[in-house]
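Breakdown of the fold
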Amino acid sequence: MLRSLRSQLTLLLVGLLLLLAVFTGYATLNTMRNDSEQQARQLLMVASNAAGQTLQVRSDQLTDSVRLLAADFGFRQAVATAEAETISSVLDNHGARINADLAFLFTPDGRMLASTAAVQDNAVLPGLFEQARAQQGSQASVLSVGERAYQLVLVPVRAPHIIAWVGMGFSVDQQLASQIADLTGLQVSFIRLSGERLVLSSTLSAAAKQQLAEQLQHIMLDERVLPELLPQHISQLFALSETQQLWGVLHLPNAQWLANYQALRNQLLQIFSLGLALALVVAFVYTRSVTRPLDKLVRYAKAIGRGQEVQPPAVALAEVGLLANTLTQMRAAIQQRERQLLEQVERDPLTGLANRLAVEKHLAARLQQQASTLLLLNIAKFRYVNDSLGYHSGDLLLQQLALRLNNETTISFCARLGADEFLLVIPSALEEEQINSLLVNLAQPFDLAGSAINLQLVAGVYATTALAQDVNAILRRLEIALANAKADNLPQAWYRTGQDESHQRELTLIRDLPQALDSGQFSVVFQPKVDIVARRCRAAEALIRWQHPTLGFVSPMEFITLAERTGNISLISNWMLQQVIRQLASWQQLHPQVAVAVNLSAADLLDDALPARILAALAEAAVPVSALTLEVTESAVMQDASRAIANLKVLKQAGIKLAIDDFGTGQSSLAYLKNLPVHEVKIDRAFIKDIEHNQQDALIVQATAQLAGGLGLTVTAEGLENHAGLSRVLDAGCQQVQGYYFAKPLPAKDFSQWLQDFATQGERFFPPAVDPATAPTAAQ
């Protein structure tokens, strides 16, 4: 029975007796400390009473001296006759005899006649004077004067009526502090807690005095005993003047009141230490037979944890022996499960290739050995294989491709990263032709149930050096290269230096765009659309600009493309509509005839709620529908023609003008133009910018203008940049021109000024040969 672990551990309960002794000693020491602290507080109370009596005796002595002066016949005569020199001499002499630091004389109404120090009567002594005059007798008090304090006495001078008030005072200074310190045996400080809190004088050391000055800024006088006012001291306040917040502080060092306590504590600690040592010896004897087997078992468990093959310890205790056998069985089971888990965790279950975890774990070490060429292989349009042949057939194709990869001798490592993406590591530098040859070999027809299946393989390629270690950066660059290959419809694309930074820039723009719309980074500019037939301007196109706080100016072509790709284009469109409608509302008085065009994306055209949202915004801002024009590209309409045309018809019926932007660059412009419910056609700048030199461009513009004019549409030429092209577009039949020739895109304020200048000076833009009376008329 005594050999069991449970029986041996029972002996350890004896240790509870030691704990009980420790708790008892702690309670005893705590009580002794509290008693010593209470005695220290009593000592401080007695010392504060003694300090108060000292101040009272000092005040009585000062009062008697001042009364003698007030009763002196010569002094009273000098006061009565207002002999200033005599008064000053008497005050100086009498004050010197009693070692007074301050002497002064007041008139009965409180005006100071003389003083031995520069003291403003109304600034320092009004309270003392008013109390003395109210009692018609002497008055003593302690007052603060600048950074000093004085114990003052004010006595009336009678002859027989009060003809003046004479007063004297002792400075509450270092000498007084030392006197009280000698009397009480404690350190003494005088402090002021009103206004700027100061230590007036103190017998403390310079360092302790500095600590006291810092603590004064935080104390609250809830209690007179302040144990935490000064480290290593208990402090006791006694009042010099509560109205003036002048206090004396007695400091009792902790070492004084803790001396007896520490002596008793040391004796108790010696007793408890002896008892603890005896208990430890006894416990060691009884527990040794238990701890030795446990130590062996712990070492055995640690060896198992490190994966070492060691023999289980031989122990006598039955429970420990059973636990050792259990650990041995557990080690075998763990080793088996580890082998299975490693196989599963780092292997793709479908193809048997390494997976992404294995790549992240081992790729860096492989790449450090030598320079390599990495390929991120993708099966183009593999989704259609699954859709047409089924997922089971797709899995069989992936397995066959994995087998080919394993059999390819040039590949040192391959892994399946995703559904149809494979990473290939080739430990040598390859040329583009070699990679094409490899892709052709890997893409040989696959046999699927007797049928030959052809797969198109696309690869992103990245060449590494032997120093390459950042696996995440390598995979990201491979992804960029693969994306470029897919975008350009090429079998392979190499990562080029700088593409990673470009990718990071795109991520930054995509991340910052929603917040930038609300933080003032975006702005709207307006480019005039000039009616070259009537030679006036009543329209403009609103264009968006982005000034990024770190990237600087961002081209609209860049961030609009990203917004369309990420589904954020509607945020930009809604923001633009809000800004333009707000600007149109502000122009209703100054430029009521101006119409502003806003570009819409394909996503906007497919939003069935768009017409109602635009009309509601116009109504709320009190802007007529004729002031807003919406521009759409033909390619945007073609994404879902029936739905887009339906929404455009609703907008047209509501009175909003519609325009086809970039006309002539699509593949079905003429076929769909007759079905689009638009008012205006904007010929792309590609046909306008060189129209004065290119006859083909001129013919295309003329044919387009005639076609649009036949359909009753207004024709706008985009991108006109010089005077020579103006006559050509006018001859071709265009009614409006938008381009740098007339004005670049302008902020709202500058555009407003441009409109006013154009109304008076616009003729200078037009060639003299153009006769408006014979020019084509604008379509309505």
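Numbers given to residues run from 1 along each chain, matching the order in which its sequence is written. Totals for whole chains, interfaces and linings use all residues, but because this is a predicted model, local features are given only for residues with pLDDT of at least 70 and pairs of side-chain atoms are given and counted only at 80 or more. Excluded from the side-chain calculation are hydrogens and water; included are all heavy atoms of the structure.

Of the two faces of strand β12 (residues 413-416), both are covered, the one formed by F413 and A415 as well as the one formed by C414 and R416. With four bridges joining them, β12 and strand β13 (residues 421-426) adopt antiparallel strand pairing. In the sheet register, R416 faces β13, and the bridge partner there is F422. Linkage of β12 to β13, two consecutive antiparallel strands, is achieved through a turn of four residues. Relative accessibility thresholds used throughout: buried, under 20% of the residue-type maximum; exposed, over 50%; partly exposed, between the two (1.4 Å probe, protein chains only). Comment: elements are numbered from the N terminus, with helices defined as DSSP H or I runs of at least four residues and strands as E runs of at least two. Two strands form a pair only when DSSP identifies at least two bridges running between them.

On to the sheet that holds strand β17 (residues 492-494), then. The strand order across the open sheet formed by five strands is β12-β13-β11-β16-β17, and the pairing between neighbours is mixed. Bordering the open sheet on either side are β12 and β17, each of which pairs with just one other strand. Within the sheet, the average angular offset between the axes of one strand and its neighbour, ignoring direction, is 20°. As paired strands, strand β11 (residues 372-379) and strand β16 (residues 457-464) are joined by eight bridges and run antiparallel to one another. Considered in β16, the bridge of L375 is made with V461. Working rule for contacts: check all heavy atoms of both residues, and any pair within 4.5 Å makes them a contact. Angles shown run from 0 to 180 degrees and are taken between the N-to-C directions of axes, each axis being a line fitted to C-alpha atoms and, for helices, limited to the stretch in contact. The strands touched by helix α13 (residues 391-407) within the sheet are β11, β12, β13 and β16, with β13 carrying the most contacts at an inclination of about 5°.

Let's shift gears to the sheet that holds strand β2 (residues 112-115). The antiparallel open sheet is built from five strands, whose spatial order is β2-β1-β5-β4-β3. With one partner strand each, in any of the chains shown, β2 and β3 (139-145) form the two edges of the open sheet. Strand-to-strand twist of the sheet, defined as the mean angle between neighbouring strand axes without regard to direction, takes the value 25°. Sheet topology note: the strand β4 (residues 148-158)/strand β5 (residues 162-171) ladder contains nine bridges and is antiparallel. Following the sheet pairing, V155 is matched in β5 by V166. Taken strand by strand, helix α3 (residues 73-80) contacts β1 (102-106), β4 and β5, and its axis lies near 115° from that of β5.

Here we come to the nonpolar core. Grouping buried Ala, Val, Leu, Ile, Met, Phe, Trp, Tyr and Cys residues that are joined through side-chain atoms within 4.5 Å yields what is termed a nonpolar core. Judged by nonpolar contacts, the single largest core of 85 residues is most densely connected at L630, F742 and W754. With eight residues, the top contributor of residues to this core is helix α18 (residues 569-586). In this view, F742 contacts V530, I532, L720, L726, V737, W754, F758, F765 and F766; residues no more than four positions away in its chain are not counted. Residues L377, L401, L405 and I435 belong to the second largest nonpolar core, which totals 30 residues.

On to the packing of aromatic side chains. What counts as a ring pair is set by centres within 6.5 Å for rings of Phe, Tyr and Trp (its six-membered ring), and what kind of pair is set by the plane angle: stacked under 30 degrees, edge-to-face over 60, tilted for all other angles. For the coordinates displayed, the defined rule picks out 17 aromatic pairs. Both rings, one in W587 and one in F751, keep their centres 5.5 Å apart while their planes meet at 40°; by these two values the pair is tilted. One end of the pair, W587, is in the loop between α18 and β21 (595-599); the other, F751, is in helix α26 (residues 748-761), with 164 residues separating them in the sequence. Taken together, the ring pairs connect F526, W587, Y741, F742, F751, W754, F758, F765 and F766 into an aromatic cluster. By definition, being over a ring means that NZ of Lys or CZ of Arg is both within 6 Å of the ring centre and within 35 degrees of the ring normal. Taking NZ or CZ as reference, R383 lies 4.7 Å from the ring centre of Y384, over its face.

Among the 10 residues in strand β18 (residues 522-531), nine count as buried, and that is most of the element. Two elements, β18 and strand β19 (residues 536-548), share 10 bridges in a ladder whose sense is antiparallel. When the sheet's bridge partners are listed, F522 is paired in β19 with W546. The turn linking β18 back onto β19 is made up of four residues, and R535 within it adopts a positive phi angle of 55°. Bridging between β18 and strand β26 (residues 736-738) involves two bridges; their strand directions are antiparallel. Bridge assignment links V530 to a residue of β26, and that residue is V737.

Our focus in this paragraph is the packing of α3 against helix α4 (residues 84-97). Pairs of packed helices are described in terms of their axes, by the angle between the two and the distance that separates them. At a minimum axis distance of 8 Å, the contact between α3 and α4 shows a crossing angle of 145°. Considering the relative orientation of α3 and α4, their crossing is left-handed. Counting all contacts with α3, which are made through F75, A78 and V79, the residues of α4 involved are T86, I87, V90 and L91. A crossing counts as left-handed when the near helix is turned anticlockwise from the far one by less than a right angle, and as right-handed when that turn is clockwise.

Negative phi is the rule for most residues except glycine; trans is the rule for most peptide bonds. Cis geometry marks the peptide bond from A159 to P160, where omega comes out at -15°. A positive phi angle, near 55°, is found at D662, a position not held by glycine. Among the structural elements, D662 can be located in strand β23 (residues 657-663). Classification of D662 as partly exposed rests on a relative accessible area of 27%.

This brings us to the pattern of salt bridges. In the sections that follow, a salt bridge refers to a side-chain nitrogen of Lys or Arg positioned within 4 Å of a carboxyl oxygen of Asp or Glu. Under the counting rule described, the total for this entry stands at 13 salt bridges. K682 is paired through a salt bridge with E541; the nearest N and O atoms lie 2.9 Å apart. Of this pair, K682 sits in strand β24 (residues 680-683) while E541 is found in strand β19, placing the two residues 141 residues apart along the sequence. Take K682 and E541: they sit in the same class, and that class is buried. Measuring nitrogen to oxygen at the nearest pair gives 2.7 Å for the salt bridge that ties K682 to E631. Of this pair, K682 sits in strand β24 while E631 sits in strand β22 (residues 628-633), and the two are 51 residues apart along the sequence. With relative accessibility at 0%, the residue E631 sits in the buried group. Three or more residues are tied together by salt bridges with common partners; here these are K529, E541, E631, E680, K682 and E718.

To continue, consider the environment of V681. If you trace the backbone, V681 turns up in strand β24. Once the C-alpha coordinates of V681 and T716 are considered, the two residues, 35 residues apart in sequence, prove to be 6.1 Å apart. If near-sequence neighbours (up to four positions away) are discounted, V681 is found in contact with I660, F663, L673, A708, L713, T714, V715 and T716.

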